[in-house]
Number of protein chains: 2
Amino acid sequence: MTYCVGMLMKDGFVLAADTRTNAGLDNIATFKKLHSWSQPGKRVFALATSGNLATTQAVVSLLSEGTQSLRKRGAVDNLFTAKTMFQAAQIVGRAIRDVQKTDEGQLFQSEDTFSASFLFAGHTPFLQIGEHKYGKPILDRVSDPGMRLGEAAKLVLLSFDSTIRSNLSVGMPIDLLVYARDTLQLERVRRIERDDPYFQKLSGDWSKALRKAFAAIEEFDI
Amino acid sequence: MTYCVGMLMKDGFVLAADTRTNAGLDNIATFKKLHSWSQPGKRVFALATSGNLATTQAVVSLLSEGTQSLRKRGAVDNLFTAKTMFQAAQIVGRAIRDVQKTDEGQLFQSEDTFSASFLFAGHTPFLQIGEHKYGKPILDRVSDPGMRLGEAAKLVLLSFDSTIRSNLSVGMPIDLLVYARDTLQLERVRRIERDDPYFQKLSGDWSKALRKAFAAIEEFDI
């Protein structure tokens, strides 16, 4: 499984993805699920993927090839030529359909095996894909579009901490991307490893704070 | 969907179930999913059910009929004649198989439609069935078998609050059963309605405490 979350803030957006991938419980590996394309000062795109790796990787490759063939004659529309965010989203959609058409019949038709989900930037306060349920309650309670980006990143990491503690199929490291609105630069892309001091402190402090908050609430009168 | 959770404590156990049932998003009703059988001073059983209502209700009815036919000659083993908890669990298992055998062929064979899960007392610190993911992080962080029963009930209700806030398919009222070890009496069975003052305060206090705990944690340095 996978867990990805994107938050759209007044000041920019935060996107994060875990990196665990598995083919059965005894075959667990680390794989990048957070991708980005940028022309510094011009445009920035980020995509988080969940689902079948063959499908998601092919989509990412098609999008990358598209941006590379920008200067070729007759090159099709790509992320760097799209005039609006909606056109960019349509280009991602077309890449998905192209991959599915190519693989049709070659691959098993099970919905489970070949489905894939994509978070492409964001249009709602938050959006999650993958193993999203464990980390939703904290987002539901705390998220707010007026948050500073550092606060939003903290919230996204807390949501990951809850998910990783409760479900083995989502694992560290976490790829985190923070984009400040209108900078048109991708300067804040971080891989957060298991021994990251901030993440460890966050996780420990949060456990302590939750237990304290729990203790402060009146007991149920049985 | 459904959410049920059971906690086994040193001092007894706590079992809770929501009451929402639906046949499509526009056909939502309230239905009891928390059942109990007791002979005061002798034995107490409680069962929380999740899944297809036809199946779970038939199982509950079979178990009830079994306990009613206790005095008949040649009556089969039932919850009130079981000599151990393991025998009682086997009786529940047999009731499930009997229902499945009866309904075989009459009902559609979709796994989704006719699957059912049961929480029968408890043998682990906590066990959940149904829509369990939203409410697991708080249980993972706070639960402890040494808790007082009132604390455990508070924790179970917090876990429900997180689930109900994040998922429409689980809804109030909540049936809550608290059993104090060795009392062999079922005195503490409560239905907690939407306007229950304790639950409203719990939910509000918890939101405030979470937001405060969140604010107290150092921001992510982007």
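Right above here is the structure, for reference.
Calculation rules
- Per chain, residue numbering runs from 1 following the sequence as it is written.
- Both sets of labels track the order of writing: A upward for chains, 1 upward for ligands.
- Two thresholds apply to this predicted model, a pLDDT of at least 70 for residue-level local features and 80 or more for giving and counting side-chain atom pairs, whereas whole-chain, interface and lining totals are computed over all residues.
- Excluded from the side-chain calculation are hydrogens and water; included are all heavy atoms of the structure.
- At least two DSSP bridges between two strands are required for those strands to pair.
- In this description a helix means any DSSP run of H or I spanning at least four residues, a strand means any run of E spanning at least two, and both kinds are numbered starting from the N terminus.
- Here the axes come from fitting lines to C-alpha atoms, over the contacting stretch only for helices, and the angles between their N-to-C directions go from 0 to 180 degrees.
- For this analysis, residues touch if any pair of their heavy atoms sits within 4.5 Å.
- Salt bridges are counted wherever a side-chain nitrogen of Lys or Arg sits within 4 Å of a carboxyl oxygen of Asp or Glu.
- Type-normalised accessible area, obtained with a 1.4 Å probe on protein chains alone, sets the label of each residue: buried when under 20%, exposed when over 50%, and partly exposed for intermediate values.
- We define buried area as the total accessible area lost by two parts upon association, computed with a 1.4 Å probe and summed across both.
- Whenever two N or O atoms come within 3.5 Å, that pair is a polar contact, provided that in protein one can donate a hydrogen and the other can accept it, and provided that, for residues adjacent in sequence, both atoms are side-chain atoms.

Peer 1: Let's hear about the sheet that holds strand β9 (residues 174-180) of chain B: which residues, and what values?
Peer 2: All names here are of chain B. The strand order β8-β1-β2-β9-β10 describes an open sheet built from 5 strands, whose pairing is antiparallel. Every interior strand has two partners, whereas the edge strands, β8 (126-130) and β10 (188-192), have only one. Mean inter-strand twist for the sheet, computed between neighbouring axes without regard to direction, equals 10 degrees. Bridge analysis of strand β1 (residues 3-9) against strand β2 (residues 12-17) gives 6 bridges, and the strand direction is antiparallel. Considered in β2, the bridge of Met7 is made with Val14. Along the sheet face, helix α5 (residues 149-166) touches β1, β2, β8, β9 and β10 and points at about 160 degrees away from the line of β1.

Peer 1: I'd like a description of the pattern of salt bridges, backed by residues and values.
Peer 2: Residues and elements named next belong to chain A. Evaluation of the coordinates by the stated rule reveals 24 salt bridges over all chains. One salt bridge connects Asp11 with Lys10, and the closest N-O pair in it is separated by 3.3 Å. The class of Asp11 is partly exposed, set by a relative accessible area of 32%. With its nearest N and O atoms 2.8 Å apart, the salt bridge here joins Lys33 to Asp18. Here Lys33 is found in the loop between β4 (28-30) and β5 (34-39), whereas its partner Asp18 is found in the loop between β2 (12-17) and β3 (20-22), with 15 residues between them in sequence.

Peer 1: Break down the interface of chain B and chain A for me, citing the residues and quoting the values.
Peer 2: Across the boundary between the two partners, chain B contributes 48 residues, which contact 48 residues of chain A. Taking both partners together, chain B and chain A bury about 4,400 Å²; carbon and sulfur atoms supply 64% of that area. Among the residues chain B hides against chain A, the three largest losses belong to Arg141, Phe214 and Phe220 of chain B. Together they make up 23% of the total. If you look at where chain B meets chain A, you find 6 salt bridges. Joining chain B to chain A, the criterion identifies 24 residue pairs in polar contact (both at pLDDT 80 or more). Elements that contribute at least two residues to the side of chain B that touches chain A include exactly α4 (136-142), α5, β9, β10 and α6 (197-216) of chain B. Take the side of chain B that touches chain A: its biggest share by element is 13 residues, from α6 of chain B.

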